[in-house]
Structures are given as C-alpha cells and as structure tokens.
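# Reading the structure
What follows is each chain in one-letter form.
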Amino acid sequence: MIRFEEQENAFYLDNGRITYCFGIAKGRWLESRWFGRHIRRIGGSARPRYFDRGFCSNPDPEDKKFSLDTLPQEYPGMNEGDFRSPAYGIQTADGRRVTRFVYRDYRILPGKPPLTGLPAVYAEGEEEAETLVVRLEDTATRAQLLLYYTIFREYDAICRHVEVVAGPEEPLQLETLMAMSLDFPRADYDLLTLSGAHLQEKTITRRPVTADSVTLESSRGASSPQQTPCVLLTDPNTDEDRGRAWGINLVYSGDFRAVVQKEPFGGVRVQMGFNPQTFGWQLAPARRFVSPEAVLVYSDAGLNGLSHTFHRLYARRLCRGYWRDRTRPVLLNSWEAFTFSIDEEKCLSLARQAADLGMELFVLDDGWFRNRTDDHRALGDWTADPRKFPHGLGNLARKIREAGVAFGIWFEPEMVNRDSDLYRAHPDWIIRSPRYEPVPSRNQFVLDLSNPAVCDYLVESVARVLQETGAAYVKWDMNRHITDLGSAWLPPERQRELSHRYMLGLYDVLERLTARFPRVLFEGCSSGGGRFDAGMLYYMPQTWTSDNTDAVCRLQIQYGTSMLFPPVTMGAHVSAVPNHQTGRITPLATRFAAAMSGNLGYEMDIRTLSEAEREEIRAQIALYKELRETLQQGTFYRLRDPGTGNEAAWNFVSADGQTVVCCAFRILADPLRRTTAVRLRGLDPEADYRREGDNAVFGGDELMESGLAADPLRQDFTAAVTVLHKV
Ligand code: DGJ
C-alpha cells in the first residue's frame, strides 16, 4: 500500500480507494500533492505554476520561482520563508527559533506501531495496515522530526502523528507541535465544525472557507463542549449522500488547536495539534516526544460516507476490549431522579422495578460517598456514606444483582472539593499557582495528574470500590475546566508541560484501570459531552452525549455527534417531563425514539410512573432489545438535519442488511403538511422490504427514491419509528 516512486521522488499511500501522495522538493522539503480518491499517478497536471512573487523568499537562490511561502507543504516550519501557520515551533539552546529540517530518509513498517502513553487507532494484525516513517533532520542541532503515516487496507483513513527527537548534544524546547499539517490544493471548500456549549454539544456549523484563518481551539484542559478537535472540509455542493468530503479528527482529549488557513494564492492549509497557548515541552539531548494522532478520512460519498469510515474505524479499531463488539445494556441512572439524595432503599426499589421493566443495569450516580450531600463537599473521598448505605456498597451491589440487574457506579476521580479528607491531607495536589487563590468551579478543584502519586491514589481508590462492589459499569465524570495552570510537582521550567502531562497522567490511570477491570463497561462523561472525543473512546467505548436530555434538543446534538461517532458510543436516556433542562413536555414515545437512536438508558424515578407508562416502557425496552443489534452495530444514515428545519430523520441498516429501522421526527405540528416522506439510505434497490405493523411491502428502490411516509400525530414533538425487514 505504501511505495516510493523514485522517478517522481514521491511517496504514495494507496489502498485502491484513496491515495495520499507527497513528494520531496529539491531534495529537502516535503510537498503535499494529493489526498483524495485513488489516482494511479500524480503527474502534477493541476500543480500550480510557480512565479517570482513579491515578498517570497527563495531558499534556493538559483531559483527565484521557488518559495516555501507558496509550496504546498507537508509539515512546514517557521523562519524559512513560509509565513503561513507553522506545524512546529522549536526553540534551540541559543534561544532562537530558527531551524532547518531537511528530508533524510524513510522506512516502511508493517502494521501500525502504538503511540506510547497515548490513545490511538490500532491495527490488529500486521497485514491490516502499513506505516511510513519519514525522517527529517535539523542541519545544525541534528534534532529529528519523524513523520508517521499509516494507511489501512479496509478503512479509507490515514493516521498521522509526529515524533521529535532532540539532537545528540543539544536540548530543545517545543513551543508548538501539530500532529498533522496538510495543504489542500487550490479549490473552494466548505468548512464544517462541531462547536457548542454545555447542554448544546456538537452543533454543526457550515460556512465557505473564505479569506484568512479560522482557529478552533480549547485551552480548558479538555477537548470541551465548546469545540471538537475536528475539521470537515467538503466541496460546496457536497451533501449527506454525494460529493467529496475530508475529515480530520484529533485522537486527544485535552487542549488543542486546529487551523484552517486560506492562503492568498488559493490553497487551504489545515492543521491540528497542541494549543500553543498551554503547551510547551523541554527535551533533553536525544530524548523523544510523541504528539497525539490525527485521523484523516476521505469520502466521495458525501458526509454519510465520511461518517461511515469514522464510525467503522472508531468502533472497531479505536474502541478496545471486552465491550468493543458487544451490544450494550439498557441502564437506569439515578441522577435526574434523585441527584444527591440517593440511599440504599431508593437504589433497591429502583433496581427491582428496573429489572421488572426489562432494564439490565442500575447506575448509582453522584451522591453515594461520605458527606456528599451537595456539590460543595466530599469529591476525592471515595468511600460509601454510611448514613445512606448503612450495609455498605458491596452489600448493595449484591442485592441489586439479586434483583436482576447489574450494578454500576459514578466517579469523578480527577476532582476534589476543599471540604474533603483528600484535600485536607494533600492541599498541594490541586492544580494552582501558590501565589494566587485558585478559581473554584462547581465548588471543586482539579487534581494534578502530572504527579504520579495522585494517579496512584486515583487508581487505588477507584479499584477498591470496583473490587468491593464487583461493579459492571463505571461512569467517569469531569465537571469543570482547568484554570490556574500550575503544579507543585513540576519544577518551574516544566510548568508549561502541565496541561499535556495532565492528559498523560489521566490516560495512564485509565489504561491501568481498564487493564485491571477488563470486563467493566466504562462510560465517559464531562457534564455530558464535554469530553466526547476520540481520545476517550480508546479507554471508554461510550460517552454520555449531553446533560441535555430534552428529546428535541437531543436530535441536533446526536445528529452532530454522529458526524464522527457511531450511535453505540452515545449514551442517550429517556428522562422525565417537564424536562429538567428545558421544561419541555414531549411524549414518552418521542423521548424513546430519540434515546433508542443512541445507547439506550432511562433516567427518571420509575417508581412514580403510571401503569400505562410502565407498560409503554416495558414495550420500548422489548423493542429495543429486538432491534439492538441493528441500532448498535448496524450502519447509521443521516437523512434529515434538525438544524435546518422542523424535522429530523435517520435510518439504521443491520450488518446483514436484513433489518432497517427508520426514525423520523416532527418538531412542531404542521397543519398543512401532515405527512412527511424521507428517502431511506443503504437499502438493496433490488430487494423488497416488509413494514412491521401493516406488513405492506415496498421495493428498496422505491424506499430510497420516493421515500417512506410517516404520519405524525396532530401534536408537537412527534416521532415515528418504522421497522422494515428484507423479504
Ligand atoms: C454531570 C453529569 O453529566 C450528570 O449526568 C451527573 O452525573 C452529574 N454530573 C453528577 O454530579
């Protein structure tokens, strides 16, 4: 799949469907040539002509037409005449930021080597992928940049990351480091981003790439609900089903920066990596630093095509472990029903009723540990509150299992309240500068995970509870962002390393815990989808998508999240009405249709339901279990975007193509257009499909071309779920 063409001086990564190509210009610089649909040979038919342009410096004095400022570059530096956004900034021992990295050599490795200490897409066998490592060397310090590129046989994705090795005799200081940089050829693109806020995560914004730069970033200590480390570029006419689309996503959960820069001569530079605002790293001579990984996907089957590659790749080669290929349990979570006032008796009565309704897992959320009466205290002290749980958690978990459901539990391990034994014992374990009062958020502070003793404490305190309870599930929460970036553990000259060291510490904790408890299902959470990113999925195969459980809001949030992540990764719960976040009252059936489109759970006091509601929920869960394989492991097609109108729709197709589930939503009632038809996707046009309910039979071609009509009720916030079987 990877070859070097001597005559063209070019590397090709090619799996027969996509081609990624870059060359070596003048024997030194790496020149981006192509990333897109498979092309046999990149002869340069569209290569821009180079002119002697004003203000363009000429690293080859003999060739005034050649300037790095106009060359499409693969991994551009600074101070050499490319004044666009640099991929790295390195300060050498003399305090200067001038380097000259030049191409040296390359290696091709079978498979895909892991990234030590960092989450990454993996290959299961050496035959699945090939990796190219291109070595650049600085002519003065002999520092090296190793550019890694992996291509997969089965997935239309390229994984890139970078390693920096300081020269044998000279330390260096990393100030900026991108995991990837790529110059797209001259063309007009649309840029799609997934930004938002707490309660409104991953909203799709689409705009043309015009002049100047767009910067997406987080300096919050988490990928954040405000941004997603992801850039989607499309041709202007690309839609869900047709047209070219490129997606770049960072496999990282901390601070990041993504740059989309349209340059004056027409090309577009895209970069993703660390946020220089909170990044810095000292490298002693000969020491190595590894960047996070960026995943680059190309599709010419529109945004659905792009998402399908992300979904398949992430579900099969980013998520790991016992749960990767297994369907996930239907759960009941205690939070919205009880918040902090949870106790043994409530847990047991809830668990019994949950089992009776067909649920499979009871999750004890926040409020279970000593003195946790509200959000002012106790974070950090991970032992059960004897007043709420007089017989201990081990006993509770056993009784819950006896009631017929598995037991799961919530933690927020990265945090501490001042009013806690942990803080009283280790006030120096929080992230802060000793000269200022640290800024609280939700009354809590962030533990300094750059300190190995803190990481050990977290592993041991979580492990103790998991051992005691035999828990089958953990919800891992993180409810504030990081301010006061300062560590009592790190020396002054390493303080800028804190935000990345925090992530390395967290990843280490998660690696140790998931290895020790391989059967436990971990669900990530950060006040909802505040850290719903590819980095976390490596450790936890599902994430709580949003604290906003309103069915109408969820349509947009889940639609946006599905750009990158498959529905099986999205925690989605049916909650009580009026909804806690919006006050909206939506029908139970609509709440279910939204939640079954993700990884289904319930989050309400089911003891207060009417008999009719109980029966409805029992039927919902039975239906979900029947369709679970299709919903969790099938292919998901977005059909209608709730961000652009009054409707939303999507359909799932099972892996064997036999079952199709279509969910169509109408937000506000429409007196004129009572019926809506949506054109399904992913069906066999030659086959016929039988609709469950009335047994009507329609051709796949008709369902995809003419569509499937749903008759919404005459009311607001309706949903129609249609199940079709191939005949
Ligand atoms: C934020 C989470 O998103 C909620 O689901 C809940 O777990 C609370 N934290 C508990 O404090």
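In what follows, the structure referred to is the one given above.
Residue positions are counted from 1 within each chain, in the order its sequence is given. In view of the model being predicted, local features appear only for residues whose pLDDT reaches at least 70, and side-chain atom pairs are presented and counted only at 80 or more, with totals across whole chains, interfaces and linings using the full set of residues. Only heavy atoms go into the side-chain values, all of them from the structure, while hydrogens and water stay out.

### Details of helix H7 (residues 498-516)
- Taking 1.5 Å of rise per residue, the 19 residues of H7 would be expected to cover 27 Å, and the 27 Å separating its terminal C-alpha atoms lies within 8% of that figure.
- Exposed residues in this analysis have more than 50% of their type's maximum accessible area, buried residues have under 20%, and partly exposed residues fall in between, with area computed by a 1.4 Å probe over protein chains only. Numbered from the N terminus, helices here are DSSP runs of H or I no shorter than four residues, and strands are runs of E no shorter than two. Where H7 is concerned, the buried positions are Leu-498, Ser-499, His-500, Tyr-502, Met-503, Gly-505, Leu-506, Tyr-507, Val-509, Leu-510, Leu-513 and Thr-514. Expected span, for any helix, means 1.5 Å times one less than how many residues it has.

### Focus: the nonpolar core
- Put simply, buried Ala, Val, Leu, Ile, Met, Phe, Trp, Tyr and Cys residues joined by side-chain atoms within 4.5 Å make one nonpolar core. Core analysis: the largest hydrophobic core is formed by 196 residues, its most contacted members being Leu-364 and Trp-368.
- Non-local contacts of Trp-368, meaning those with residues more than four positions away in its chain, are made with Ile-342, Trp-382, Thr-383, Ala-384, Asp-385, Phe-389, Leu-393, Ile-409, Trp-410, Phe-411 and Val-465.
- Counting 16 residues, the second-largest nonpolar core is a separate cluster that includes Ala-649, Leu-680, Leu-703 and Leu-708. In what follows, residue pairs with any heavy atoms lying within 4.5 Å of each other are defined as contacts.

### Some remarks on the environment of Pro-427
- Here Pro-427 lies in the loop between helix H5 (421-425) and strand E25 (444-446).
- The class for Pro-427 is partly exposed, based on a relative accessible area of 39%.
- In the structure, Pro-427 is positioned 61 residues away from Ala-488 in sequence and 9.9 Å away in space, judged by C-alpha atoms.

### Regarding the sheet that holds strand E3 (residues 18-25)
- The rule for pairing is simple: two strands pair if DSSP sees at least two bridges between them. Spatial strand order, E1-E2-E3-E4: four strands in an open sheet with antiparallel pairing. The sheet is open, and its two borders are formed by strand E1 (2-5) and strand E4 (29-37), each paired with just one other strand. Taking each pair of neighbouring strands and ignoring which way they run, the sheet shows an average axis angle of 15°. Helix axes are fitted to C-alpha atoms over the stretch in contact, other axes to C-alpha atoms as well, and angles between N-to-C directions run from 0 to 180 degrees.

### Some points on the pairing of strand E9 (residues 157-165)
- Of all the nine residues making up E9, nine are buried; the element is thus mostly covered by neighbouring parts of the structure.
- Burial of E9 is two-sided: the residues Ala-157, Cys-159, His-161, Glu-163 and Val-165 facing one way and the residues Ile-158, Arg-160, Val-162 and Val-164 facing the other way are all buried.
- Alignment of strand E8 (residues 144-152) against E9, held across eight bridges, turns out to be antiparallel. Pairing of Ile-151 across the sheet is with Ile-158, part of E9.
- Turn length for the E8-E9 hairpin, with the two strands adjacent in sequence and antiparallel, is four residues.
- Of the strand pairs in this sheet, E9 and strand E20 (residues 293-299) are connected by four bridges, and their pairing is antiparallel.

### Observations concerning the environment of Glu-169
- Here Glu-169 shows up in the loop between E9 and strand E10 (172-184).
- For Glu-169, a relative accessible area of 72% translates into the label exposed.
- A sequence separation of 26 residues divides Glu-169 from Ala-143, and the C-alpha atoms of the two residues are 9.2 Å apart.

### Some thoughts on the pairing of strand E11 (residues 190-197)
- E11 sits mainly inside the fold: six of its eight residues count as buried.
- Pairing between E11 and strand E12 (residues 200-208): seven bridges, direction antiparallel. Paired with Leu-192 across the strands is Arg-206, a residue of E12.
- Taking the residues that link successive antiparallel strands as the turn, the E11-E12 hairpin has two residues, and the phi of Leu-199 there is positive, at about 80°.
- Here three bridges tie E11 to strand E14 (residues 230-234), and the two strands are oriented antiparallel to one another. Bridging across to E14, Leu-191 finds its partner in Leu-233.

Read these as geometric descriptors, not functional statements.
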